[in-house]
Amino acid sequence: MRRSKYRSATRQYEDRRPARIRPGQPAAKPSLGSTIFHDTAMPRAAGKGDWDVTVPHDATATDGQTIRITATYTFEAAHFLPKVHDGHKCRRLHGHNYRVDVSVAGGLDERGFVLDYAELDGIVQPVIDELDHRCLNDIPGLENPTSEILALWLRSRIAAKAGTKPMIRVWETPRYLVEVS
Ligand SMILES: Nc1nc2c(c(=O)[nH]1)N=C([C@H](O)[C@H](O)COP(=O)(O)OP(=O)(O)OP(=O)(O)O)CN2
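Residues numbered from 1 in each chain as written. Predicted model: local features only at pLDDT ≥ 70, side-chain atom pairs only at ≥ 80, totals over all residues. Heavy atoms only, no water.

Where an unreviewed UniProt entry is consulted, the chain appears under the name 6-carboxy-5,6,7,8-tetrahydropterin synthase, with the organism given as Hyphomicrobium denitrificans. Word for word, the UniProt comment on the chain under Sequence similarities (unreviewed entry) is "Belongs to the PTPS family. QueD subfamily." Under the Pathway (unreviewed entry) heading, UniProt states for the chain: "Purine metabolism; 7-cyano-7-deazaguanine biosynthesis." (UniProt positions renumbered as here; feature names shortened; annotations may be inferred.)

Here's what the structure looks like:
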């Protein structure tokens, strides 16, 4: 019973799926009070009917709100910092399990998305793959791969592909974070 409901809801969703939207494309403007989501696959609260999510006001965030989505990526890489002093431990080759958070802000499109997470992944993951299991110093632009320079490098690569400037956070370790916006 639950499975057939799910299939039916999936078909409904696919029928209503909008055309692909590029990042930075102007947001559509839903009318005030419009219902943006209705999914019969969602569980129902007893006696309360289907769950409708009703937009309480203009969903395009033109009233000063900032809506930002963030996706997190990880990769492992080696590096050394050639510009620190001779005795600094980070001058020696060593490795990190990096975490990168990529955030994009904007108005909502007709789907109610700033950008589909999957579209963001399609832009960012190939850039992350260029870094994974590499010595960062070998990559053009990362000859001195501090977290700060890595964050700037990532921002410029992702901005070129996305058409919008993301906020980047690079975690070299769970305690050390660089943020560029
Ligand atoms: N502002 C910055 N300072 C430092 C950077 C940097 O990119 N920007 N990088 C380093 C080194 O890469 C270093 O490896 C950082 O990690 P580390 O000090 O090793 O931190 P750990 O958590 O790994 O420390 P342990 O106590 O050795 O486990 C240094 N500074």
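More follows now that the structure is in view.
**A few points about the sheet that holds strand β4 (residues 94–105)**
Sheet architecture is open: four strands sit in the order β3-β4-β5-β6, paired in antiparallel fashion. In this open sheet, the two edge strands, each paired with only one partner strand, are β3 (68–79) and β6 (176–180). Taken pair by pair, the neighbouring strands of this sheet meet at an average axis angle of 20°, ignoring direction. (Pairing = 2+ DSSP bridges. Helix = DSSP H or I, 4+ residues; strand = E, 2+ residues; numbered from the N terminus. Axes fitted to C-alpha atoms, helices over the stretch in contact; angles between N-to-C directions.)

**Considering the environment of Leu150**
For Leu150, the position within the fold is in helix α3 (residues 147–162). Note: C-alpha distance between Leu150 and Val178 (28 residues apart in sequence) is 9.2 Å. If we skip the residues at most four places from it in the chain, Leu150 touches Phe75, Tyr98, Leu131, Leu136, Leu142 and Val170. (Contact = heavy atoms within 4.5 Å.)

**Description of the site of the ligand**
The full set of residues close to the ligand is His79, Leu81, Lys89, Cys90, His94, His96, Thr146, Ser147, Glu148, Glu172, Thr173 and Tyr176. Lys89 places a side-chain nitrogen or oxygen 2.6 Å from an oxygen atom of the ligand. Within the side chain of Glu172, one N or O atom sits 2.8 Å away from an oxygen atom of the ligand. Within the complex, 58% of the 610 Å² of free accessible area of the ligand lies under protein. When atoms are counted within 2 Å of each cavity's grid points, the one that captures over half of the ligand is the second largest pocket. (Near = heavy atom within 4 Å. Polar contact = N/O pair within 3.5 Å; in protein donor to acceptor, adjacent residues only side chain to side chain. Areas by Shrake-Rupley, 256 points an atom, 1.4 Å probe, with all protein chains shown as cover. 1 Å grid on protein atoms, 1.4 Å probe; cavity = no way out; pocket = protein on both sides within 12 Å on 5 of 7 lines; lining within 4 Å. Sits in = over half its atoms within 2 Å of the grid points.)

**Observations concerning α3**
Here α3 spans 22 Å end to end across 16 residues, near enough to the 22 Å set by a 1.5 Å rise per residue. The complete set of buried residues in α3 reads Ser147, Leu150, Ala151, Trp153, Leu154, Arg155, Ile158, Ala159 and Ala162. Contacts made by the buried residues of α3 are with β3, β4, α2 (117–131), β5 (167–173) and β6. (Expected span 1.5 Å × (residues − 1). Buried < 20%, exposed > 50% of the residue type's maximum accessible area, 1.4 Å probe, protein only.)

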